[in-house]
Amino acid sequence: MNDLRPVHLDPAPEWYGRLRVRTDLSPARWLTERHPGHGDFGTVAGVAAPGFARYARILHPASLEERPVRWDTVAAAHGTRVTPGARWHEVVGMGQDHRNASEYGRPGVWDEHPWEGPTPPDVAEALIPVLARHTRTPEHCWFGLWHGYGRWDFGGLPAFETPGRDEVLLSGTLADAVSPVRMDEFAELPDLWWPEDRAWCLGGDVDLVGTYVGGSPALIADLLAAPGLEAHAVAADDTVG
């Protein structure tokens, strides 16, 4: 006998925060085309789309008493270093099977591991003005939301495929990228963001503690210099961490 009850899912919304749920997937077709250089699953370009001149990895901060803590601050306390492809367990001097848990924190340095999943809201807020300077269409952007987050029933909506994921298409302004969590604290931000002019693409994933951005050399230089972000230059075929 199967005693498991079906999980209740909320109906798919027409609006996700201030982002409109779309059924015409043509604006995402460029992400699904298979061609030489298409990002493989588990690579930077597989998360943030192939074909850009430069890429950056934006680290999701750890925290201490709910205040953000940079990875390089944690590394200094643990006697390690942060490289562009560093994994969190390496930064805290633990083995690959390290389990993210607050009891491994270091008093006075960090007490919560980095956010694992799509871009954290505070990081997104810091990214938006930088990204806005490098597109002609900040008022017209597209977003991909992984349909497997488990709260909404997206089964009846069309989805577009990226390496390892199926995404529901949303549209809205760049400024409204963070609106889902402003209006619902249990919502997730979209995994993928790109403007209509395709000047850049931002990618995150449910299993990652970093966000990846592909774009022009000028954009990546801006991200690396932004005081509110901890960013590292990476290559399209680097393995994501």
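Going by the structure above, here's the rest.
Here's a quick rundown of the structure. Note that the structure is predicted; figures quoted are calculated from it, not measured.

Thresholds, definitions, all that
Residues numbered from 1 in each chain as written. Predicted model: local features only at pLDDT ≥ 70, side-chain atom pairs only at ≥ 80, totals over all residues. Heavy atoms only, no water. Buried < 20%, exposed > 50% of the residue type's maximum accessible area, 1.4 Å probe, protein only. Helix = DSSP H or I, 4+ residues; strand = E, 2+ residues; numbered from the N terminus. Arc of directions from axis to C-beta. Contact = heavy atoms within 4.5 Å. Expected span 1.5 Å × (residues − 1). Pairing = 2+ DSSP bridges. Salt bridge = Lys/Arg side-chain N within 4 Å of Asp/Glu carboxyl O. 1 Å grid on protein atoms, 1.4 Å probe; cavity = no way out; pocket = protein on both sides within 12 Å on 5 of 7 lines; lining within 4 Å. Points joined across faces, edges and corners; volume = space filled by probe spheres on them. Nonpolar A, V, L, I, M, F, W, Y, C, P; charged D, E, K, R; others polar.

### Side note on helix 3 (residues 71-78)
Residues that lie three or four places apart on an α-helix share one face, since the helix turns once every 3.6 residues. Trp-71, Val-74 and Ala-75 are the residues of helix 3 that are buried. Axial view of helix 3: buried residues confined to an arc of 100°, hence all on one face. If you follow the buried residues of helix 3, they end up packed against strand 4 (54-59), strand 5 (62-64), strand 6 (67-69) and helix 4 (88-91). One or two residues past the end of helix 3 sits Gly-79, with phi positive at roughly 70°.

### Observations concerning helix 5 (residues 121-132)
If you check helix 5, its first and last C-alpha atoms are 16 Å apart, about what twelve residues at 1.5 Å a residue would give, namely 16 Å. What helix 5 keeps buried is the set Val-123, Ala-124, Leu-127, Ile-128, Val-130 and Leu-131. At its buried positions, helix 5 is contacted by strand 4, strand 11 (192-195), strand 12 (201-203), strand 13 (210-215) and helix 7 (217-225).

### Here's the deal with the pairing of strand 11
Along strand 11, one buried face is formed by Leu-192 and Trp-194 and the opposite face, lined by Trp-193 and Pro-195, is buried too. Two elements, strand 7 (residues 141-146) and strand 11, share four bridges in a ladder whose sense is antiparallel. Within strand 11, the residue paired with Phe-143 across the bridge is Trp-193. Across two bridges, the pairing between strand 11 and strand 12 is antiparallel.

### Remarks on the environment of Asp-176
If you trace the backbone, Asp-176 turns up in the loop between strand 10 (165-172) and helix 6 (179-183). Put simply, Asp-176 and Ala-49 are 127 residues apart on the chain and 21 Å apart in space, counted from C-alpha to C-alpha. Those residues in contact with Asp-176, other than ones at most four positions away along the chain, are Arg-18 and Leu-19.

### Quick look at the pattern of salt bridges
Opposite charge on two side chains makes pairing possible when the charged atoms of those side chains draw close. In this structure the tally under the stated criterion is eight salt bridges. Between Asp-184 and Arg-151 there is a salt bridge, with its nearest N and O atoms 2.6 Å apart. Of this pair, Asp-184 sits in the loop between helix 6 and strand 11 while Arg-151 sits in the loop between strand 7 and strand 8 (152-153), and the two are 33 residues apart along the sequence. Put simply, Asp-205 and Arg-165 hold a salt bridge, and the shortest N to O gap is 2.9 Å. One end of the pair, Asp-205, is in the loop between strand 12 and strand 13; the other, Arg-165, is in strand 10, with 40 residues separating them in the sequence. The exposure class assigned to Arg-165 is buried, which follows from its relative accessible area of 15%.

### Details of the environment of Ala-187
With respect to the helices and strands, the residue Ala-187 is situated in the loop between helix 6 and strand 11. In this structure the C-alpha to C-alpha distance between Ala-187 and Tyr-149, which are 38 residues apart in sequence, comes to 9.3 Å. Apart from residues no more than four positions distant in its own chain, Ala-187 is found in contact with Tyr-16, Arg-151, Trp-152, Pro-180 and Val-181.

### A few points about the layout of surface pockets
Rolling a probe over the atoms, with the probe sized like a water molecule, indicates the empty space that remains. Reported here for the largest pocket is a volume of approximately 560 Å³. Lining the largest pocket we find 23 residues, and of these Pro-61, Ala-62, Pro-68, Pro-120 and Asp-122 sit closest to its centre. Those elements that provide at least two residues to the lining of the largest pocket are strand 4, strand 5, strand 6 and helix 5. Looking at the lining of the largest pocket residue by residue, the class counts come to 13 nonpolar, four polar and six charged.

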